[in-house]
Structures are given as C-alpha cells and as structure tokens.
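Architecture and fold: a report
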Amino acid sequence: MAEIDTTQDRRCRGRPQVRPDDETRQIIYEAARHEFAGSGYAATSMETVARRAGVSTKTLYRLIPNKASLFEGMVSDRLDRTLASVDLQAINHAEIEEALYGALMVCADLTLDEEVIALQRMVLQEAGKFSDIAGMFYRNGIQRIAAALADWLRAQQKRGLIELDDLDEAAGMLLGMVASAPRRAAMFGGVPLPSRVQIEARVRGCAALFLRGCQAKRAGSR
C-alpha cells in the first residue's frame, strides 16, 4: 500500500482560520457602538474596543488607524446596514399617503432608535472637547437620512403625486416633524422614547398634515 503523506493535512489542521478583514471590521464596529454609547467618546479607547471585539490592538490599528476614524466608520456602518436593509424607492403604493407613511416609518425606525439616541446624546455631551465628532455624526448620519428621503420625494414628484419647490428642504421638515420632539424629550427631559404604536400614530399624522400642503391636484378637482 502506498504511504500517505499527512504533512499537508497536519499543517492545515494546525493553522488557525483567518477571518476576512471585512468581517473583523463589522465585529469591531459592533463593539465600538456599545463602548461609545455606554462610556462616551472620551472614555472609550482603542484598547477597550479591541478587548470587547476580541481582537488584538495590532489588528485594530491595522484596520482602523485612530479613534476618530473608528467613530466615523462606526456611524457610517450603522447607517449603511440600515439603509441597505430597506429600499425607500420600492415604497410606491398607489396611494401617496400610504407610500409616505411607509417611507417615514423607515426613517423613524432609525432616528428614534435607542442606540442612535444614545450616540446623539454622547455627541452633544462631548462635542465641545472633540469638535470633529459632531461633524462626523451630522455628515454620516443626519445628512444621509435626509438625502435618502429627499430622493424618495423626488421620485414621487416625477410620478406626479406631489408638488414641491425644494425637495431637500421638505425632507428636512418631514424628519423634524417625525422625530425632533420625541428625540428632544428623550435626550433632555428623560422621557421614554415613544412605543411602536405611538410612533405609527405620529407618522400617520405627519404624513397627512404634510400632504395637505403638497399633494398634487388632480385634473378637474376644485
């Protein structure tokens, strides 16, 4: 019987499996979200994030050079994954009010999320010491949500369902109607975030109120 060479087999079994960098980044961002939200920006260090993620500091610094980049990447990743899971452009009900309700619920799910509120609270508390983090959060979070909603409104205008002069400004107004008051109450007044039922009712009210001013007039209507 021919002798079987087991050297290669032993070498493969003994070598630890290499995890892809993209997967490792996801684990790091998840750990960073918990650390930033729980401890604040100043108290969070690259070392504590590495320990929570279960990676070496050498690996962390190889993938993400500093804490500012970690925070920016974490915020971008959070929004990327949320927006990737939904498609605002696919929310095209025949009735514009139902379509708008669906689009605004997507935005509400993100802007009134407990973790997102915790990150916003942290940004406000520490923006004086670390001015860059406020800009990062605004660019990668607030502006991108508003831009996605403005693009959706633009599509509805092309369908002839609404009439608006400034779609970007309208998107900001809508987001303010949906989320600003509950968010302020939670961040500054210690009021619990609204329940799902309360959010749904608020979004329906905002959609109806908004459409009274911009819904396209049908031919022959008075």
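In case you missed it, the structure is sitting above this.
Residues numbered from 1 in each chain as written. Predicted model: local features only at pLDDT ≥ 70, side-chain atom pairs only at ≥ 80, totals over all residues. Heavy atoms only, no water.

Here helix α10 (residues 196–214) spans 27 Å end to end across 19 residues, near enough to the 27 Å set by a 1.5 Å rise per residue. Those residues of α10 lying buried are I199, V203, C206, A207, F210, L211 and C214. Seen end-on, α10 carries its buried residues on one side only, within an arc spanning 125°. Every exposed residue of α10 that faces more than 90 degrees away from the buried side is listed here: V197, A201 and R212. Packing partners of the buried residues in α10 comprise α6 (96–111) and α9 (167–189). (Helix = DSSP H or I, 4+ residues; strand = E, 2+ residues; numbered from the N terminus. Expected span 1.5 Å × (residues − 1). Buried < 20%, exposed > 50% of the residue type's maximum accessible area, 1.4 Å probe, protein only. Arc of directions from axis to C-beta. Contact = heavy atoms within 4.5 Å.)

Counted by the stated rule, this structure contains 11 salt bridges. Its salt-bridge partner being R204, residue E98 comes within 2.9 Å of it at the nearest N-O pair. Linking E98 in helix α6 with R204 in helix α10, this pair joins segments that are 106 residues apart in sequence. Take R204: its relative accessible area is 36%, and that puts it in the partly exposed class. R154 is the salt-bridge partner of D151, the closest N and O atoms lying 2.8 Å from each other. You can see D151 and its partner R154 sitting in helix α8 (residues 131–158), 3 residues apart, about one turn around the helix. On the basis of relative accessibility, which here comes to 40%, the residue D151 falls in the partly exposed class. Residue R154 is classed as partly exposed on the basis of its relative accessible area, which comes to 28%. One network of salt bridges, in which partners are shared, links E30, R33, D77 and E115. (Salt bridge = Lys/Arg side-chain N within 4 Å of Asp/Glu carboxyl O.)

Our next topic: the side chain of R183. Relative to the assigned elements, R183 resides in helix α9. For the buried residue R183, which engages in no salt bridge, the nearest side chain bearing the opposite charge is D113, 11 Å off. If we ignore the near neighbours within four places in the chain, the residues touching R183 are T111, L112, I117 and Q120. (Lys, Arg positive; Asp, Glu negative; His and termini not counted.)

Time to look at the packing of aromatic side chains. Two numbers describe a pair of aromatic rings. These are the distance of the centres and the angle of the planes. Applying the stated criterion across every chain, the model contains 3 aromatic pairs. Ring geometry for F36 against F71: centres 5.3 Å apart, planes inclined by 90°, an arrangement best described as edge-to-face. Note that F36 is positioned in helix α2 (residues 21–39) and F71 in helix α5 (residues 67–85), a separation of 35 residues in sequence. Like F71, F36 is buried. With 5.7 Å between their ring centres and 85° between their planes, Y41 and F71 make a pair best called edge-to-face. Note that Y41 is positioned in the loop between α2 and α3 (46–53) and F71 in helix α5, a separation of 30 residues in sequence. According to the relative accessible area criterion, F71 is buried, its value standing at 0%. Grouped by ring-pair contacts, the aromatic residues F36, Y41 and F71 constitute a single cluster. One cation-aromatic arrangement involves K67 over Y41; the distance from NZ or CZ to the ring centre is 4.5 Å. (Phe/Tyr/Trp six-rings, centres within 6.5 Å; stacked < 30°, edge-to-face > 60°. Lys NZ or Arg CZ within 6 Å of the ring centre and 35° of its normal.)

A few words on the packing of helix α7 (residues 114–126) against α8. Between α7 and α8, the shortest axis-to-axis distance is 9 Å and the interhelical angle comes to 150°. Between α7 and α8, the angle falls in the class roughly antiparallel. Taken as a pair, α7 and α8 cross one another with a handedness that is left-handed. Between α7 and α8, the residues in contact are V116, L119, Q120, M122, V123 and E126 and I133, A134, F137 and I142, respectively. Of the residues belonging to the contact of α7 with α8, the class tally is 8 nonpolar, 1 polar and 1 charged. (Axes fitted to C-alpha atoms, helices over the stretch in contact; angles between N-to-C directions. Parallel < 35°, antiparallel > 145°, perpendicular 65-115°, else oblique. Left-handed = near helix turned anticlockwise from the far one by under 90°. Nonpolar A, V, L, I, M, F, W, Y, C, P; charged D, E, K, R; others polar.)

Turning our attention to the nonpolar core. Counting residues in each nonpolar core, the largest one holds 60 residues, and the members touching the most others are I28, F36, L70, F71, L100, L149 and L153. If near-sequence neighbours (up to four positions away) are discounted, F71 is found in contact with F36, Y41, M122, V123, I133, M136 and F137. (Core = buried A, V, L, I, M, F, W, Y, C linked by side-chain atoms within 4.5 Å.)

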